[in-house]
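Understanding the architecture of this molecule
These are the residues of each chain, in order.
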Amino acid sequence: MYSSLTRSPMRLPVLFLLFCATLFPGPRAHAVVVIAAEIPPYVIRSQQGAPSGMAIEVLEEAARRLQEPLEIELMPLARALSQTRHRPDVLLLPPARNAQREPLFLWIAPLLEEAFVLVSHRQHHPAPLSVKEVAGLTLGALRGSHGQSLIQPLEGVTRELVTEEVSNASKLARGRIQGWAVAWNTARYNQQRAGLPLADLVRGDTLQQSALYLAASPLFPAAEALRWRKAIEGMREDGSLARILKQYDYQAP
């Protein structure tokens, strides 16, 4: 008979496995995948390292509070919208909510308010551009953007679409487009990104004021969506969301 101090041979492998589990923990929980449309200053691709931007930093803080690791996939806006519709387990940043998109996504939480405006160039069109006078003009917009949808009904307008808003800043400066349908903070950021003076931008009519959202496929789990919504609401209430936006010189509508 074994004494109380005698080790059973069967216990040795178990103890060894427990010891290894302590030294070499198993893989972490799967990261939450975020499809992020490259629209500075909300989502900014970094030359080195992780992406940044207003929406990215807000989501990273929410993820920290929820103790969720993130995996961010950057892509153009039109592709980001399409991808999210066919992937029920991903989050989407930072679409504007409008009637056309309403049934296509689950709108989890608003991140910030934006004014989508007509922008002209001081040299080529110094007076604020009005919707009533756009007939015969060429207007630029980002492909798949809310700005594009807002100028779609305008009659007598030529529309030029690009995959990056910085291209519209350059085209406006050269007179290749006479107006730019864009969120005001996006216009300001991309004007500077193009190396052009902010003072050259002339803000015209507001096409619409809209919220930019954290969204997902309608098939995204409702319980998970609620967790993210509560985290972002908590950030709004304690002022941390406003502090993040302020770092990017955000101008509210």
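Rules of the game
Residues numbered from 1 in each chain as written. Predicted model: local features only at pLDDT ≥ 70, side-chain atom pairs only at ≥ 80, totals over all residues. Heavy atoms only, no water. Core = buried A, V, L, I, M, F, W, Y, C linked by side-chain atoms within 4.5 Å. Buried < 20%, exposed > 50% of the residue type's maximum accessible area, 1.4 Å probe, protein only. Helix = DSSP H or I, 4+ residues; strand = E, 2+ residues; numbered from the N terminus. Arc of directions from axis to C-beta. Contact = heavy atoms within 4.5 Å. Axes fitted to C-alpha atoms, helices over the stretch in contact; angles between N-to-C directions. Parallel < 35°, antiparallel > 145°, perpendicular 65-115°, else oblique. Nonpolar A, V, L, I, M, F, W, Y, C, P; charged D, E, K, R; others polar. pLDDT = per-residue confidence, 0-100. Pairing = 2+ DSSP bridges. Salt bridge = Lys/Arg side-chain N within 4 Å of Asp/Glu carboxyl O. Phe/Tyr/Trp six-rings, centres within 6.5 Å; stacked < 30°, edge-to-face > 60°. 1 Å grid on protein atoms, 1.4 Å probe; cavity = no way out; pocket = protein on both sides within 12 Å on 5 of 7 lines; lining within 4 Å. Points joined across faces, edges and corners; volume = space filled by probe spheres on them.

1. Some points on the nonpolar core
- One finds L91, I108, L214 and W228 to be the most contacted residues of the largest nonpolar core, which totals 64 residues.
- At 8 residues, the largest contribution of residues to this core is made by helix α2 (residues 54-66).
- By size, the runner-up hydrophobic cluster in this structure holds 11 residues, among which are V117, L172, W180 and L201.

2. Looking at helix α3 (residues 77-85)
- Along α3, the positions that sit buried rather than exposed are L77, A80, L81 and T84. Taken down its axis, α3 places every buried residue within 100° of arc, on the same side.
- Tucked into the core, α3 has its buried residues touching β1 (32-37), β2 (70-75), β3 (90-93), β5 (138-142) and β8 (201-216).

3. Regarding the packing of helix α5 (residues 165-174) against helix α6 (residues 184-193)
- At their nearest, the axes of α5 and α6 sit 8 Å apart, and the two run at 75° to each other. For the element pair α5 / α6, the angle class is roughly perpendicular. Note on element contacts: α6 touches α5 through T186, N190, Q191 and R193, opposite E165, V166 and A169.
- For the contact of α5 with α6, the class distribution of residues is 2 nonpolar, 3 polar and 2 charged.

4. Topic: the environment of L139
- Within the secondary structure layout, L139 lies in strand β5.
- Placed 42 residues apart in sequence, L139 and A181 show a C-alpha to C-alpha distance of 6.9 Å.

5. Considerations on the confidence of the model for the chain
- Averaged over all residues, the pLDDT of the chain equals 90, while 89% of them reach at least 70.
- Overall, residues 1-28 carries pLDDT values under 50, and its contacts beyond four positions in sequence, including any with other chains, amount to 2 contacts.

6. A word on the sheet that holds strand β7 (residues 179-183)
- Sheet architecture is open: 8 strands sit in the order β2-β1-β3-β8-β4-β7-β5-β6, paired in mixed fashion. Unpaired on one side and paired on the other, β2 and β6 (158-162) mark the two borders of the sheet. Between one strand axis and the next, the sheet turns by 25° as a mean value, whatever way the strands run.
- Here β1 pairs with β3 via 4 bridges, running parallel. Residue pairing in the sheet places V33 in a bridge with V90 of β3.
- Across the sheet, α2 lies against β1, β2, β3, β4 (106-121) and β8, angled at about 165° from β2, the strand it touches most.
- Set on the sheet, α6 makes contact with β4, β7 and β8; between it and β7 the angle comes to about 110°.

7. A word on the pattern of salt bridges
- Per the counting criterion, the structure on display carries 12 salt bridges.
- Salt-bridge contacts for R65 lead to E61; the nearest nitrogen and oxygen are separated by 2.8 Å. With a gap of 4 residues between them, R65 and E61 both fall in helix α2, about one helical turn apart.
- On the basis of relative accessible area, R65 is assigned to the partly exposed category, the value being 34%.
- Judged by relative accessible area, E61 falls into the buried class, the value being 17%.
- As a salt-bridge pair, E102 and R97 come within 2.7 Å of each other at their nearest N and O atoms.
- For E102, a relative accessible area of 34% puts it in the partly exposed group.
- Salt bridges sharing partners connect three or more residues here, namely E61, R64, R65 and D238.

8. Side note on the packing of aromatic side chains
- A complete count under the given rule lists 2 aromatic pairs for this structure.
- Geometrically, the ring pair formed by F105 and W107 is edge-to-face, given 5.9 Å between the ring centres and 75° between the ring planes. The residues F105 and W107 share a single accessibility class, namely buried.
- Between W107 and Y213, the aromatic rings sit 5.4 Å apart at their centres with planes inclined by 80°, giving edge-to-face as the arrangement. Placement of the pair is W107 in strand β4 and Y213 in strand β8, with a sequence separation of 106 residues. For the pair W107 and Y213, one class covers both residues: buried.
- Three or more aromatic residues joined by ring pairs make a cluster, and in this case those are F105, W107 and Y213.

9. Focus on empty space enclosed by the protein
- On inspection of all chains with the given rule, the structure shows 1 cavity of 30 Å³ or more.
- Looking at the largest cavity, it is lined by 18 residues, and the ones nearest its centre are I39, L77, F116, S145 and H146.
- Elements with a minimum of two residues in the lining of the largest cavity: α4 (146-151) and β7.
- Considering each element in turn, the lining of the largest cavity owes the most residues, 3 residues, to β7.
- Class assignment of the residues belonging to the lining of the largest cavity gives a composition of 12 nonpolar, 4 polar and 2 charged.

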